[in-house]
Amino acid sequence: QGQLVESGGGLVQSGQSLRLSCSVSGFALDAYTIGWFRQAPGKERVGLSYLSPEDGSTYYGDAGKGRFTISRDNAGNTVYLQMNSLKPEDTAVYYCAAARVFWKAALDPLKYEYWGQGTQVTVSS
């Protein structure tokens, strides 16, 4: 069965970096879009970035542009989110998620079918 597990979160100071990992298992790699999202308390869940299984391209939402980079390992079973120059406003629970390609989910969290448990990122000033 499909499973997504995030790791790599923690407490960092402003300006530091983190690399989040999403371990993906039980999914056909070319059949699922994998995206990164975050949600702060009282805020909407927002899409940061996703990998297209159709052409391998990377895409970023406004919140993920500039300082964040999505990538995938050679086997395709781990998706990373490199986060640089972190700011206090980046504090949130970060999730990876999977959606079958026919949903054309992009950065819409409502179209993602499978979610990890999330990993907390806290950035102090």
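The structure contained in this document is the topic of the report that follows. These figures come from a predicted structure and were not determined experimentally.

Definitions and cut-offs
- Per chain, residues are indexed from 1 in the order of the written sequence.
- Restriction of local features to residues with pLDDT of at least 70 applies here, the model being predicted, together with a cutoff of 80 or more for giving and counting side-chain atom pairs; totals for whole chains, interfaces and linings are based on all residues.
- With hydrogens and water excluded, all non-hydrogen atoms of the structure serve as input to the side-chain values.
- Put simply, DSSP marks the helices as runs of H or I at least four residues long and the strands as runs of E at least two long, and each gets a number from the N terminus on.
- Our radius of gyration looks at C-alpha atoms and nothing else; its globule reference is 2.2 Å times the residue count to the power 0.38.
- Buried means the residue's accessible area, taken with a 1.4 Å probe over protein chains only, is under 20% of the maximum for its type, while exposed means over 50%, and partly exposed covers the values in between.
- Only heavy atoms matter for contacts: two residues are in contact if any of them lie within 4.5 Å across the pair.
- The disulfide definition used here is simple: a pair of cysteine sulfur atoms within 2.5 Å.
- Only buried Ala, Val, Leu, Ile, Met, Phe, Trp, Tyr and Cys residues count toward a nonpolar core, and they belong to the same one when joined by side-chain atoms within 4.5 Å.
- In short, DSSP must find at least two bridges between two strands for them to pair.
- Think of each axis as a best-fit line through the C-alpha atoms, taken over the contacting stretch in the case of a helix, with angles from 0 to 180 degrees between the N-to-C directions.
- Pairing of aromatic rings covers Phe, Tyr and the six-membered ring of Trp, with a centre-to-centre limit of 6.5 Å; geometry is then stacked below 30 degrees between planes, edge-to-face above 60, and tilted otherwise.

Let's talk about the overall build of the protein chain
Argument step 1. Helix and strand content of the protein chain: 0 helices and 11 strands.
Argument step 2. When the elements of the protein chain are put in sequence order from the N terminus, they spell out β-β-β-β-β-β-β-β-β-β-β.
Argument step 3. What you see for the protein chain is a C-alpha radius of gyration of 13 Å, in line with the 14 Å of a compact globule of 125 residues.
Argument step 4. For the C-alpha atoms alone, the extent of the protein chain along its principal axes is close to 40 × 30 × 25 Å.
Argument step 5. Across the 125 residues of the protein chain, 38% fall into the buried class.
Argument step 6. For the protein chain, the share of sequence-separated contacts (at least 6 apart) that also reach a separation of at least 24 residues comes to 58%.

Examining the state of the cysteines
Argument step 1. Within the structure shown, the criterion is met by 1 disulfide.
Argument step 2. Note on cysteine connectivity: Cys22 is disulfide-linked to Cys96, with sulfurs 2.1 Å apart. The disulfide joining Cys22 to Cys96 has a torsion of about 75° about its S-S bond and is therefore right-handed. Taken as a pair, Cys22 in strand β3 (residues 18-25) and Cys96 in strand β9 (residues 92-100) lie far apart in primary sequence, 74 residues in all.

Considering the nonpolar core
Argument step 1. With 24 residues, the main nonpolar core has Trp36, Val79, Leu81, Met83 and Tyr94 as its most contacted residues.
Argument step 2. Phe37, Tyr50, Ala97 and Ala99 belong to the second-largest nonpolar core, a separate cluster that totals 6 residues.

Some remarks on the sheet that holds strand β7 (residues 68-72)
Argument step 1. The strand order across the open sheet built from 4 strands is β1-β3-β8-β7, with neighbouring strands paired in antiparallel fashion. Either end of the sheet is taken by a strand with one partner, and the two such strands are β1 (3-7) and β7. Going across the sheet, the axis of each strand differs from the next one's by a mean of 15°, ignoring polarity.
Argument step 2. Note: β7 against strand β8 (residues 78-83), 5 bridges, orientation antiparallel. Paired with Ser71 across the two strands is Tyr80, which belongs to β8.

Looking at the packing of aromatic side chains
Argument step 1. Inspection of the entire model under this criterion finds 9 aromatic pairs.
Argument step 2. Ring centres 4.8 Å apart and planes at 15° place the aromatic pair Tyr50 and Tyr59 in the stacked group.
Argument step 3. On the basis of relative accessible area, Tyr50 is assigned to the buried category, the value being 14%.
Argument step 4. Overall, the relative accessible area of 32% leaves Tyr59 in the partly exposed class.
Argument step 5. Taken together, a centroid distance of 5.0 Å and an interplanar angle of 35° make the contact between Phe102 and Trp103 tilted.

So, the pairing of β8
Argument step 1. Alignment of β3 against β8, held across 6 bridges, turns out to be antiparallel. The residue of β8 that forms the bridge with Ser21 is Tyr80.
Argument step 2. Between the antiparallel neighbours β7 and β8 lie 5 residues, among them Gly76 with a positive phi of about 80°.

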